[in-house]
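# Structural characterization, general
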Amino acid sequence: MFWAGRDTLNEIRSLGVQCGQLGVPGDLELTPQLAAEWKTSLAQADFPLATVFAAYNGEEYTDIPTVQRTVGFIPRVTRQEREKRTLQVIDFASAIGVKSFACHIGFVPEDTSDPDYIEVREMVRRVADHAAKNGQSFALETGQEPAEVLLGFLKDVGRPNVGINFDPANMILYGTGDPIEALTVLGPRVVSVHAKDGDWPKKDQPGALGVERPLGQGSVGIPQFVAKLKEIGFRGSLNIEREAENQQERISDIRKAVGYLKGLA
Ligand code: MG
């Protein structure tokens, strides 16, 4: 996934990337003109998008308590404004011809009678129904809860167009479980994936997140991940996600990741 402007599409292509996901920051004004420009740019660059991904104003990923407090649909104070924003991003995605929307919804409580669980489930249903009107799927990003909890939530939501954007590194960064086992559990619901790597959180630092690593250098076991994707019959794109110290390192890591993944094909 690449949080980029339209002018960088050619640069991304030059890295050997053939398709991708578009990240939409919370403060980006989504106008019909912007959608028309993106549609043209994507067509000119011959760059298909699998997904439009939303981030929201006020989200922070410093550590697990901060994620719980600020990310996705879970925080009560921003829930209403984020629902409105989500529907706008979905319509923007539709306007540029993208058939899947995704975001982090935040930490889903394990207790299904928790008021936040119930309200967020209802919100996911409304969002999914809006996406369904455009013929789109809604993919929830993995990582913040164990596979079984997420699967139980999906079943409870009960909408056929709701699935998963599977991020194997997140399972490790949040300490929620072995990603290859999780993929076995969640396989039939996987709509799209992130190719990302990382190491587990340090045991002596409660609440800390693990550390993201260049693809192939972390604890995911990317060859096993790719093999498992083939085994379950996944046919979508491998979307490289990389947050590095700086843009130069990021570009360099993405270029290496493309070569690394091609070597596994
Ligand atoms: Mg991800």
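Structure shown above.
Residues numbered from 1 in each chain as written. Predicted model: local features only at pLDDT ≥ 70, side-chain atom pairs only at ≥ 80, totals over all residues. Heavy atoms only, no water.

### Describing the overall build of the protein chain
Formally: Secondary structure is summarised from DSSP: a helix means a run of H or I of at least four residues, a strand means a run of E of at least two, and numbering begins at the N terminus for each. Only C-alpha atoms enter the radius of gyration, while the globule expectation follows 2.2 Å times N to the 0.38, with N the number of residues. Accessible area is worked out with a 1.4 Å probe on protein chains only. A residue is then buried under 20% of its type maximum, exposed over 50%, and partly exposed in between. Residues count as neighbours in contact if any of their non-hydrogen atoms are within 4.5 Å of one another. Method for areas: the Shrake-Rupley scheme with a 1.4 Å probe, in which residue coverage is limited to the protein chains shown. Counting rule applied: Lys, Arg positive; Asp, Glu negative; His and chain ends not counted. We put the charge of a Lys on NZ, of an Arg on CZ, of an Asp on CG and of a Glu on CD.
Along the backbone of the protein chain there are 10 helices and 9 strands. A compact globule built from 265 residues should have a C-alpha radius of gyration of about 18 Å, and the protein chain, at 18 Å, falls within 12% of that. Considered along the principal axes of its C-alpha atoms, the protein chain spans approximately 50 × 45 × 35 Å. The 265 residues of the protein chain split such that 54% are buried. The contacts in the protein chain between residues at least 6 apart in sequence include a share of 76% that link residues at least 24 apart. Surface summary for the protein chain: the accessible area is close to 12,200 Å², and the carbon and sulfur share equals 50%. Positive and negative side-chain charges of the protein chain, numbering 29 and 36 respectively, have mean locations separated by a distance of 5 Å.

### Digging into the coordination of the magnesium ion
Using the following cut-off: Coordination shells were defined by N, O and S atoms within 2.8 Å of each metal, extended to 3.2 Å for Na, K and Ca; water is absent from the atom set, which can make sites look incomplete.
Every protein donor of the magnesium ion is accounted for by E141 (OE), D167 (OD), H194 (ND1) and E241 (OE), and the metal-donor separations fall at 2.0 to 2.2 Å. Sequence positions of the donors to the magnesium ion reduce to the motif E-x25-D-x26-H-x46-E. Pair noted here: E141 is in strand β4 (residues 137–141) and H194 is in strand β6 (residues 190–195), with a separation of 53 residues, a long-range link. The residues E141 and H194 share a single accessibility class, namely buried.

### What to know about the sheet that holds strand β9 (residues 238–240)
Convention followed: A pair of strands is labelled paired if DSSP reports no fewer than 2 bridges between them. Angles here are taken between N-to-C directions and fall from 0 to 180 degrees, while the axes themselves are lines fitted to C-alpha atoms, restricted in helices to the stretch in contact.
Taken together, 7 strands build an open sheet; the order of strands is β1-β2-β3-β4-β5-β6-β9 and the sheet is parallel. Pairing within the sheet leaves two strands with one partner each, and these edge strands are β1 (20–24) and β9. On average, each strand axis in the sheet is tilted by 30° relative to the strand beside it, whichever way the strands run. Its contacts with the sheet put helix α4 (residues 76–95) on β1, β2 (49–54) and β3 (100–103), and the angle it makes with β1 is roughly 140°.

### Thoughts on the pattern of salt bridges
We count it as follows: Whenever Lys or Arg places a side-chain nitrogen within 4 Å of a carboxyl oxygen from Asp or Glu, that contact is recorded as a salt bridge.
Under the counting rule described, the total for this entry stands at 15 salt bridges. A salt bridge links D167 to K196; the shortest N-O distance between them is 3.2 Å. Of the two residues, D167 sits in the loop between β5 (162–166) and α7 (168–173) while K196 sits in the loop between β6 and β7 (197–199), which places them 29 residues apart along the sequence. Residue classification places K196 among the buried residues on the basis of a relative accessible area of 7%. Between E241 and K196 there is a salt bridge, with the nearest N and O atoms lying 3.5 Å from each other. Remark: K196 occurs in the loop between β6 and β7 and E241 occurs in the loop between β9 and α10 (247–264); sequence separation between them is 45 residues. For the pair E241 and K196, one class covers both residues: buried. The network of salt bridges with common partners includes R76, R79, D116 and E119.

### A short note on unusual backbone geometry
Despite not being glycine, D46 has its phi angle at roughly 50°, a positive value. By the secondary structure assignment, D46 is in the loop between α2 (32–45) and β2. A relative accessible area of 54% places D46 in the exposed class.

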